[in-house]
Amino acid sequence: MTQRAGFVALIGEPNAGKSTLLNRMVGAKVSIVTHKVQTTRARIRGVALEGEAQIVFVDTPGLFRPRRRLDRAMVAAAWGGAADADIVVLLVEAHRGRTPGVDAIIETLRERVAEGRTVALAINKIDRVKAEALLALSADLNEAYPFARSFMISAERGHGVDDLRRWLAETLPEGPWLYPEDQIADLPMRMIAAEMTREKLTLRLHQELPYELTVETENWEDRKDGSTRIDQIVYVARDGHKGIVLGHKGETIKSVSQAARAEIAEFIGRPVHLFLTVKVRPGWLDEAERYSEMGLDFRDGD
Ligand SMILES: Nc1nc2c(ncn2[C@@H]2O[C@H](COP(=O)(O)OP(=O)(O)OP(=O)(O)O)[C@@H](O)[C@H]2O)c(=O)[nH]1
Ligand SMILES: [Mg+2]
């Protein structure tokens, strides 16, 4: 059989379930997931195999109307992912339907991406609605845009995901595989580890979560005894945010650190010693280095 390989970009509004779908396709948690919008900040590649095809999924930040510099960099990264892909899959939330945000994405798809590129629709979270509503939504969206195929899935529960994977595998171009057979992610381990800590912070901080927060892995040391020491910095923009992240008597940062350590240790298969430091850095949202650490372009996207 001939080998096939290529890139499949997952795009959609914030919270559509793109990262959940990527993780399910890859079979490991490569990209962080929370119930909050704007969780993913950069392009994250995860690799899945289906028969003779290697499908490289590209998770992207949610698409919305950006205002701040970080927003603009995120949205630019998402459209960049779509522009580079062989196939684009637009995720739409079943229970929210055709929102103005979805229409805006379709508009941009038409203007910037569509030419010669295969675009499919995946209505996600079908576990949240009645089946009757799905057909009408699918028809409506297909009227707005000529999707090559439409799928109805639940990324969380797995419904319809095998069909989507099979179709992607047979639709990708013929060609040699792009990654070694056993590789599942294309993101430096230090970045995955920082993302895991950011996820735990996001889950723990609820409404108090500062938007102006980022996590970087500063030091990574694989020790002779088989364990790994990891030092990370949590950057916040204001003094008040430092207290929020630390929590009463340091309880918040302690529980975040424990949860992140366990997840990183499981991922790398080694015991981990994780040290978190919180730093107040008022201008970090305008520092080029912070963006490159996140895998984003500092230059303003359009
Ligand atoms: N009920 C239900 N919830 C889902 C499904 N897929 C994802 N979710 C939930 O939707 C929320 C958002 O999921 P993510 O995968 O982080 O969404 P995303 O599109 O990557 O979001 P951003 O990175 O912020 O753009 C999480 O709480 C998921 O558990 C699904 O099929 N059904
Ligand atoms: Mg995401």
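The paragraphs below set out a description of the structure included in this document.

So, how was this worked out
- Residues numbered from 1 in each chain as written.
- Chains lettered and ligands numbered in written order.
- Predicted model: local features only at pLDDT ≥ 70, side-chain atom pairs only at ≥ 80, totals over all residues.
- Heavy atoms only, no water.
- Helix = DSSP H or I, 4+ residues; strand = E, 2+ residues; numbered from the N terminus.
- Near = heavy atom within 4 Å.
- Polar contact = N/O pair within 3.5 Å; in protein donor to acceptor, adjacent residues only side chain to side chain.
- Buried < 20%, exposed > 50% of the residue type's maximum accessible area, 1.4 Å probe, protein only.
- Pairing = 2+ DSSP bridges.
- Contact = heavy atoms within 4.5 Å.
- Axes fitted to C-alpha atoms, helices over the stretch in contact; angles between N-to-C directions.
- Core = buried A, V, L, I, M, F, W, Y, C linked by side-chain atoms within 4.5 Å.
- Domains from an automatic or database assignment.

1. With respect to unusual backbone geometry
Okay, so step 1: Phi at N15 is positive, roughly 80°, even though this residue is not glycine.
Okay, so step 2: Following the sequence through the fold, N15 ends up in the loop between β1 (4-12) and α1 (18-26).
Okay, so step 3: Even without being glycine, K125 reaches a positive phi, approximately 65°.
Okay, so step 4: With respect to the secondary-structure elements, K125 resides in the loop between β5 (118-124) and α4 (131-144).

2. Observations regarding the site of ligand 1
Okay, so step 1: In the region of ligand 1, 23 residues are neighbours, and K18, T20, Q38, T39 and E156 sit closest.
Okay, so step 2: Between ligand 1 and A16 there is a distance of 3.1 Å, counted from an oxygen atom to a backbone nitrogen or oxygen.
Okay, so step 3: For ligand 1, an oxygen atom lies 2.7 Å from a polar atom in the backbone of T39.
Okay, so step 4: Sort the elements by how many residues they give to the shell around ligand 1 and α1 lands first, with 3 residues.

3. Considerations on the pairing of β1
Okay, so step 1: In terms of residue burial, β1 counts as a mostly covered element, since 8 of its 9 residues are buried.
Okay, so step 2: Sheet topology places β1 next to strand β3 (residues 53-59); 7 bridges connect them, and they run parallel. Within the sheet, the bridge partner assigned to A9 lies in β3 and is V58.
Okay, so step 3: Bridging between β1 and strand β4 (residues 87-93) involves 5 bridges; their strand directions are parallel. Within the sheet, the bridge partner assigned to A9 lies in β4 and is V88.

4. A few points about the sheet that holds strand β6 (residues 150-152)
Okay, so step 1: Spatial strand order, β6-β5-β4-β1-β3-β2-β7: 7 strands in an open sheet with mixed pairing. Only two strands of the sheet have a single partner each, and these edge strands are β6 and β7 (185-186).
Okay, so step 2: Along the sheet, helix α2 (residues 69-84) makes contact with β1 and β4, crossing β1 at roughly 145°.
Okay, so step 3: On the sheet, α4 packs against β4, β5 and β6 and is oriented at approximately 155° with respect to β5.

5. Re the nonpolar core
Okay, so step 1: Formed by 51 residues in total, the largest nonpolar core has its most connected members in V8, L21, F57, L168 and V245.
Okay, so step 2: Counting residues per element, this core draws most heavily on helix α6 (residues 189-205), which supplies 7 residues.
Okay, so step 3: When we break this core down by domain, the ones giving at least three residues each are domain 1 (4-171) and domain 2 (189-301).
Okay, so step 4: If we skip the residues at most four places from it in the chain, V8 touches I55, V56, F57, V58, A85, I87, V89, L168 and L172.
Okay, so step 5: If you look at the next biggest cluster of nonpolar residues, it comprises 32 residues, including I11, V92, L121 and L141.

None of the figures reported here should be taken as evidence of function without further support.
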